[in-house]
Amino acid sequence: MSDSDSTAFYPNTLIVKDISTFIDNEQFDQAFNYLISLNDQQIYENTWDLCTYFFYLLEKSSDKLCNEYEIYAQDALTYVAEHGNPREMLIIMLEQSDKFISDQIFLFHMKLFPLILKRLPIKPSLLNSLRDILSLLQCHLTTLELPAINNDFAGKDLLIFNHDHRINNLLKLTQSCVEFFCELRDYFSTTDIIDIRPMLTKSLISILENPLISLSYEPIDSQESASFTSIRCLLDCLFTLTPNPIQIIDNNEQQSNLIYLLLTKKDYFNSLPCVYSSCYYLFLSIPFIQQLTQDRERVMYTEKACVLVSNVCSRLIPMKEFDQSILENDQLHQLIDILKTLMVQSPARQYAPLTIGAYRSLFQAFNPLGRYHFLRQQLAKTHCTEDSYRTFLCKLIKDEFLSDYRSSSQIYKGTLLFQLLDYLCRLPNGVESNLLEIYDCLCSTLNFVRFIGLMDKRHVNRTLFWTERLKQFNETFMKPLRKSIELARAHYKLEIRNKEEDKSQQSQQSVDSEILVDNKPLSMPSKEEQMETLHTAVTKFDILDCILSSLSDTYAGEL
């Protein structure tokens, strides 16, 4: 043996000693011929020592391009698996294979295991060995290194990610695992002594959750993802083990990738029984959507959450699924909160339209009165600083108001309408409020109030806004808002004047107030950028004035 070997092997039986002599002299053919010349009884009685030596050779390095030690060891181990003591060999493999030194050896073990298992008597204790084997295989898959992708991926980034050699390697090993599972399924299907289907099912789902959940299965340019194509065999195998996988779903387990694939991939969704409603699928998926959104840095998790929530919400029947009573359900509010987050935090922003569409589908699944209570609850629990979300809600309210006004259902009138306006027409800090912080919702709210006046003329006054709310609206909101705009504009104009008059001092301050992050100067806005920001703010106040002017005209100068 080479002096460079980190560990040496000392044979303790005559047969192993004879074989090791051939190997030390690199006489591999003679060593194999010697092995096959032994009778079955000799191999059976020496299985432990032979396997221990051959597994040692399997890990032995070689200076040659082709590792003859590894090739010989694989041939020898295959022969022993066919003729030796299967119980002893399985014990050695389980003891020595707590880790695989290479993917090739991992694949080789999957060839040995069926040879051994088919020679063992079928009895209940065999389930423990099977469980150990499946755990070892999954353990190796979870240790594989995978490429990373950030939330700002765009263009061909996802295509490059999907075709990374590490992804391809994982998929190759997974397919080999599935073939092994199918072989076990078919072999043990002929006996009633043990039922390995639950164990195989659990292992397949475990592999789906880790590591396969880290891959992307969404189409690219209308072409099926290569990753999804590669794992079809796994899902097909799963359906042969349990024709209705929905029955094994447990929201206390990590099964989010399984739910994602079952409910978003048309072929497999259509294979599910037709007894489940769209509402059932929605609530079934909520815990798993939560699992997928717990860590935004895991981009492929967030991607699956966006696609899953979009699919389950799109199947809801408009105006026929829910009324306001369902708004007492905590799970539903959890889903709404998740949607609110995903609308602004979708990976690469390319999935934002999916989550916005999902939100609208969920919202439209309520009857008209249910939608009103939905909006009122969301406004009540949303802080004024969540400007983009409140703006989105204001747009929904405007759409609902128009639909309600045209249908004469008269929900958006009187007290019910005024309650919504109370939430929208709010300056969080009175005249000293930061108008830029609430700017978008402020503009949307003012335009909505103007829209009410345009739709519901004074002589009609179906909403009762003209007679019961206009004066209060002017006193409690319009006058403070005008004062706030005046103060804010004056403040920003003063800032602009100061910066224009004190260029040298501003330059000196920039040097003196240098901030270091990781021993590097923090990039600060240039003077031109700061001035542009200030001028933009003043422009926004001018826009608000224009909206207020139009609003006053709409209400005949009463505002």
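What counts and how
- Residues numbered from 1 in each chain as written.
- Predicted model: local features only at pLDDT ≥ 70, side-chain atom pairs only at ≥ 80, totals over all residues.
- Heavy atoms only, no water.
- Helix = DSSP H or I, 4+ residues; strand = E, 2+ residues; numbered from the N terminus.
- Expected span 1.5 Å × (residues − 1).
- Polar contact = N/O pair within 3.5 Å; in protein donor to acceptor, adjacent residues only side chain to side chain.
- Axes fitted to C-alpha atoms, helices over the stretch in contact; angles between N-to-C directions.
- Left-handed = near helix turned anticlockwise from the far one by under 90°.
- Contact = heavy atoms within 4.5 Å.
- Nonpolar A, V, L, I, M, F, W, Y, C, P; charged D, E, K, R; others polar.
- Phe/Tyr/Trp six-rings, centres within 6.5 Å; stacked < 30°, edge-to-face > 60°.
- Buried < 20%, exposed > 50% of the residue type's maximum accessible area, 1.4 Å probe, protein only.
- Salt bridge = Lys/Arg side-chain N within 4 Å of Asp/Glu carboxyl O.
- Arc of directions from axis to C-beta.

Considerations on helix α10 (residues 165-188)
Here α10 contains 24 residues, and its C-alpha end-to-end distance of 35 Å stays within 8% of the 34 Å for a straight helix at 1.5 Å per residue. If you check the start of α10, you find a side-chain oxygen 2.8 Å away from the backbone N of R166, and it comes from D164.

Comments concerning the packing of helix α6 (residues 86-96) against helix α8 (residues 126-142)
Running from N to C, α6 and α8 cross one another at 35°; their axes reach a closest spacing of 11 Å. By crossing handedness, the relation of α6 to α8 is classed as left-handed. Residues R87, L90 and L94 of α6 pack against S129, D132, I133 and L136 of α8. Its residues placed into classes, the contact of α6 with α8 shows four nonpolar, one polar and two charged.

So, the environment of D29
Summarising the element assignment, D29 is placed in helix α2 (residues 28-37). For the pair D29 and N367, spaced 338 residues apart in sequence, the C-alpha to C-alpha distance is 80 Å.

Observations concerning the packing of aromatic side chains
This model, assessed by the stated rule, comprises 33 aromatic pairs. Ring geometry for Y53 and Y56: centres 6.2 Å apart, planes at 25°, overall stacked. Taken together, the residues Y53 and Y56, both in helix α4 (residues 47-58) and three residues apart, mark about one turn of the helix. Among the residues examined, Y53 registers a relative accessible area of 0% and is labelled buried. For Y56, a relative accessible area of 12% translates into the label buried. Geometrically, the ring pair formed by F283 and F322 is edge-to-face, given 6.4 Å between the ring centres and 90° between the ring planes. Here F283, found in helix α15 (residues 278-292), pairs with F322, found in the loop between α16 (299-314) and α17 (330-345); they are 39 residues apart in sequence, far enough to count as distant. Given the relative accessible area of 6%, F322 is considered buried. Grouped by ring-pair contacts, the aromatic residues F28, F32, Y53, F54, Y56, Y69, Y72 and Y79 constitute a single cluster.

As for the environment of D186
Topologically, D186 is positioned in helix α10. Taking C-alpha positions, D186 is 46 Å from H333, a pair spaced 147 residues apart along the chain. Within the structure, the side chain of D186 is placed 2.9 Å from the side chain of R185, a separation counted as a polar contact.

Topic: the pattern of salt bridges
The tally for this structure, following the rule as stated, stands at 19 salt bridges. Close ionic contact of E183 with K118 constitutes a salt bridge, the shortest N to O distance being 3.0 Å. Of the two residues, E183 is situated in helix α10 and K118 in the loop between α7 (103-117) and α8; the sequence distance between them amounts to 65 residues. By relative accessible area, K118 is classed as partly exposed at 41%. Notably, a salt bridge pairs R489 with D545, separated by 2.3 Å at the nearest N-O pair. You can see R489 sitting in helix α24 (residues 470-501) and its partner D545 sitting in helix α26 (residues 527-554), a full 56 residues away along the chain. R489 gets classed as buried once you look at its relative accessible area, which sits at 16%.

Topic: α2
Of the residues making up α2, those classed as buried are F28, A31 and L35. Projected down its long axis, α2 shows its buried positions confined to an angular sector of 60°, all on one face. More than 90 degrees from the buried face of α2, the exposed residues found are D29 and S37. Each element contacted by the buried residues of α2 is listed here: α1 (14-24), α3 (40-45), α4 and α5 (68-83).

Details of the side chain of S203
Here S203 lies in helix α11 (residues 197-209). With sequence-adjacent residues up to four places away left out, S203 is seen in contact with L134 and F181.

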